[in-house]
Amino acid sequence: MSIESVRAFFAKNAPEISVIESNKSSATVALAAEAFDVTPAEIAKTLSLRVGDRVLLVVTCGTARLDNKKARAAFGGKPRMLNAEEALDATGHPVGGICPFGLKTPLPVYCDISLKAFSEVVPAAGSINSAVRISPARMAELTSAEWVDVSELPA
């Protein structure tokens, strides 16, 4: 059902964007990069976090890691990754398909500045073998995301 909520989101808000499916799993950054023929950095990875009693989503470039010090400063508390069940409950999407589109309930979305290095990124689309191709600016616009600097890139 999750991929259908993403399709419905794009049909309503951005009909020019299509959900693409692969016959390969795209449940991890490495698998997604292979399945959709992009570099791992071009995968837009969505992290589901709890900060205090708030749940929020942070979308970063695929090779970035959350910087706890930056995230604590940006979000006003220590971020904790949701487990698979909590993430599914909050977003309606399974781990490997979590994205900021077609959410079960509205959540705050933050886009990390690491995404700005790319003209197009490939976030998941609600299942472990689906994605969309979208510019970071358009993704932020469609999800009412706030831009933040909460990640670190590999050296």
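Just so you know, these numbers come straight off a predicted model, no measurement behind them. (Residues numbered from 1 in each chain as written. Predicted model: local features only at pLDDT ≥ 70, side-chain atom pairs only at ≥ 80, totals over all residues. Heavy atoms only, no water.)

Trainee: Can you walk me through the overall build of the protein chain in this structure?
Mentor: Helices and strands together make up the secondary structure of the protein chain, namely five helices and ten strands. Rg of the C-alpha trace for the protein chain: 14 Å, near the compact-globule value of 15 Å for 155 residues, within the 12% margin. Along the longest, intermediate and shortest principal axes, the C-alpha atoms of the protein chain span 40 × 35 × 25 Å. Considering the protein chain as a whole, with its 155 residues, one finds that 50% of them fall into the buried category. Partitioning the intrachain contacts of the protein chain with sequence separation of at least 6 by distance along the chain shows that 63% fall at a separation of at least 24. (Helix = DSSP H or I, 4+ residues; strand = E, 2+ residues; numbered from the N terminus. Rg over C-alpha atoms; globule rule 2.2 N^0.38 Å. Buried < 20%, exposed > 50% of the residue type's maximum accessible area, 1.4 Å probe, protein only. Contact = heavy atoms within 4.5 Å.)

Trainee: Explain the layout of surface pockets to me, please; I cannot follow it from the model alone.
Mentor: In this approach the atoms are scanned with a rolling probe the size of a water molecule, which exposes any empty space left behind. Taken as a whole, the largest pocket encloses approximately 360 Å³ of empty space. Going through the elements one at a time, helix H2 (29-35), strand E2 (43-51), strand E7 (122-123) and strand E8 (130-131) are the ones with two or more residues in the lining of the largest pocket. (1 Å grid on protein atoms, 1.4 Å probe; cavity = no way out; pocket = protein on both sides within 12 Å on 5 of 7 lines; lining within 4 Å. Points joined across faces, edges and corners; volume = space filled by probe spheres on them.)

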